[in-house]
Amino acid sequence: MTLRSNRRDVLKLGAAAGALTGLGGWGLAQDGRGRTQSTPAMEGDEAPTVKRVIFIAMAGGVRTRETFGTPANVPNLQMMADDGVLYPRMRTSNLGHFGATMSIFTGISEARGIRDNARGTDPTMFEYLRKDLGLRQSDVWVTTSGGPQQTNYSYSVHPDYGPKYGANTLDGDGIFNKEFKELLDTYGRPKAMEESEQDLLDKVRRGIGRTEDKAENAAATENAAKVERYILEELTRGTSTLRGANSGDAKALRVARNLVSLFKPKMTGVVLQNADIAHGSFNGYSEVIRRNDEAIGEIWTAVKEDPELADSTAIFVLPEFGRNKDLNSRRGLDHGDGSDDLRYVSGVAWGPGFGKGRVVKDDVRTIDAMYSACDALGASPELAKGQKLKRLLA
Ligand SMILES: [Zn+2]
């Protein structure tokens, strides 16, 4: 399918999605205070404001040398930097992939309670946004490159935050929220949703959370089924043909692109990981970077071509850490030598009201990005240890 025809479909379906999401997401609980999100009125507001954020953790260990040090690898990120702000000295949290990526979302580099494949104890960006801004779950998403471990980024076990403020999670195969995933694991993944479609949806419908109110339940249940069917078909559109070393990342990025076009969430997080092929193959790693740059470019294009998104969407892209200075004996690149190649990465921020073509040579930190993302949307990550990215605003 060409981009052009895909875009037409996406626009058409976007209208339908808007109608569906307007009914309250999947019938999952709204935030406890029952608030709905609203845009604060500003007096004489002429300045461009950020209404949505796309936040891409280009994780898997990516050095600056293969990104902005080799602009041919990342033409799209370079263009984004030329039209936004580049941070070539972002200090990382070197805790291993999982912990370091987690800290990008929590804004705390010395993370507590981090074990592999478990939820952290520090609230994530998604929880701050939902709690502070009263956002529905359907407004806050994270798409992941795969693996159950990455679903842990969607919320923490912090007593004041936690699952009721979590993000919808979606991986490249279109499987999201845990309770939904369990059902699909039991009944099978509807790759094509053929004749078994209705039967499966009925089963899913019965598994969706209930409230006390019967009428509300019925409406929510029906809405949830519509939305689920819609999501499975549309959000995974185009992912089945994605192959190659970055296929997991490519799917997560494609799903994010579909999501951004269809639902226009307030927050779309993306977690990548395929660059870690670098342990065994420098060439494979470079290929992943090039392909991911292309996919990020497609998201950026989708944003710029959508009048509703173009002037109100900010994008942040940053790795969790870099890689070693020298190749290993397999002509691959590990991570653990403490070099600047490992400890500093390059991140980009692009959006309304942000600087344009600015290179900030000062040291900043990977944990600062979520602080700026929250701040741009009007939330304050009170437990995060980062600060606003220096010289971000125009
Ligand atoms: Zn690794």
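Note that the structure is a prediction, hence the values are computed from the model and not measured.

A. Representation of the overall build of the protein chain within the structure. Secondary structure summary: the protein chain contains 12 helices and nine strands in total. Among the 394 residues that make up the protein chain, the fraction classed as buried is 51%. Sequence separation of at least 24 residues holds for 73% of the intrachain contacts in the protein chain that already meet a minimum separation of 6.

B. Main features of unusual backbone geometry. Although it is not a glycine, Arg331 sits at a positive phi angle of roughly 60°. When you line up the elements, Arg331 lands in the loop between strand S6 (313–318) and helix H11 (340–343). Here Arg391, not a glycine, exhibits a phi torsion of approximately 50°, which is positive. Locating Arg391 in the fold gives a position in the segment after helix H12 (368–377). We classify Arg391 as partly exposed; it has 16 C-beta atoms within 10 Å.

C. Representation of the nonpolar core within the structure. Core analysis: the biggest nonpolar cluster contains 91 residues, and Val53, Leu129, Ile299, Phe316, Met370 and Ala373 have the highest contact counts within it. Counting residues per element, this core draws most heavily on helix H9 (residues 282–305), at nine residues. Those residues in contact with Leu129, other than ones at most four positions away along the chain, are Leu135, Val140, Lys266, Met267, Cys374, Leu377 and Ala379.

D. Structural context of helix H4 (residues 125–133). Of all nine residues that make up H4, eight are buried, and the element is covered over most of its length. Those residues of H4 not exposed but buried are Met125, Phe126, Glu127, Tyr128, Leu129, Arg130, Lys131 and Leu133. Tucked inside the fold, the buried residues of H4 contact helix H3 (96–106), strand S3 (140–144), strand S5 (267–271) and H12.

E. Representation of the packing of H4 against H12 in the model. Between H4 and H12, the shortest axis-to-axis distance is 10 Å and the interhelical angle comes to 20°. Here H12 runs roughly parallel to H4, going by the angle between their axes. The chirality of how H4 crosses H12 is right-handed. Contacts from Met125, Tyr128, Leu129 and Leu133 of H4 reach H12 at Met370, Ala373, Cys374 and Leu377.

F. Highlighting helix H8 (residues 247–262). With 16 residues, H8 ought to run about 22 Å at 1.5 Å a step, and its terminal C-alpha atoms sit 22 Å apart, in line with that. Among the 16 residues that make up H8, 15 are buried, leaving the element largely enclosed by the rest of the structure. Following H8 by one or two positions, Lys264 has its phi on the positive side, about 50°.

G. How the structure looks around the environment of Val303. Relative to the helices and strands, Val303 resides in helix H9. Val303 sits in the buried class, given 24 other C-beta atoms within 10 Å.

H. How the structure looks around the packing of H8 against H9. With their axes 9 Å apart at the nearest point, H8 and H9 run at an angle of 5° to one another. As the angle between them shows, H8 and H9 are arranged roughly parallel. Listed contacts from H9 to Asp249, Ala250, Leu253, Arg254, Ala256, Arg257, Val260 and Ser261 of H8 are Val288, Arg291, Asn292, Ala295, Ile296, Glu298, Ile299, Ala302 and Val303. A breakdown of the residues in the contact of H8 with H9 according to their chemical character gives 10 nonpolar, two polar and five charged.

I. Local environment of the pairing of S5. Across the five residues that make up S5, a large majority, five, are buried. Burial of S5 is two-sided: the residues Met267, Gly269 and Val271 facing one way and the residues Thr268 and Val270 facing the other way are all buried. Bridge count between strand S1 (residues 52–57) and S5: five bridges; the pairing is parallel. Of the residues in S5, the one forming a bridge with Ile56 is Val270.

J. View of the pairing of strand S7 (residues 344–350). Taking burial as the measure, the seven residues of S7 include seven buried ones, the bulk of the element. Across the two faces of S7 the burial is the same, with Tyr344, Ser346, Val348 and Trp350 and Val345, Gly347 and Ala349 all buried. Note: strand S2 (residues 85–91) against S7, five bridges, orientation antiparallel. What sits directly across from Tyr87, in S7, is Gly347. Across three bridges, S6 lies against S7 in antiparallel orientation. Bridge pairing in S7 links Val317 to Val348.

K. The confidence of the model for the protein chain, seen in detail. Of the residues in the protein chain, 70% reach a pLDDT of 70 or more, and the chain-wide mean stands at 80. Segment residues 190–197: pLDDT under 50, and seven contacts once partners within four positions in sequence are set aside and those in other chains are kept.

L. Representation of the environment of Asp362. Among the secondary structure elements, Asp362 is positioned in the loop between strand S8 (358–359) and strand S9 (364–365). Residue Asp362 is classed as exposed on the basis of its C-beta count, with 10 C-beta atoms lying within 10 Å. Residues Asp362 and Tyr87, 275 residues apart in the sequence, show an inter-C-alpha distance of 7.9 Å. Those residues within four positions of Asp362 in sequence are excluded, and the remaining contacts are Arg89 and Lys390.

So, how was this worked out
Residues numbered from 1 in each chain as written. Predicted model: local features only at pLDDT ≥ 70, side-chain atom pairs only at ≥ 80, totals over all residues. Helix = DSSP H or I, 4+ residues; strand = E, 2+ residues; numbered from the N terminus. Buried ≥ 20, exposed ≤ 12 C-beta atoms within 10 Å, placed from the backbone. Contact = placed C-beta atoms within 7 Å. Core = buried A, V, L, I, M, F, W, Y, C linked by C-beta atoms within 7 Å. Axes fitted to C-alpha atoms, helices over the stretch in contact; angles between N-to-C directions. Parallel < 35°, antiparallel > 145°, perpendicular 65-115°, else oblique. Left-handed = near helix turned anticlockwise from the far one by under 90°. Expected span 1.5 Å × (residues − 1). Nonpolar A, V, L, I, M, F, W, Y, C, P; charged D, E, K, R; others polar. Pairing = 2+ DSSP bridges. pLDDT = per-residue confidence, 0-100.

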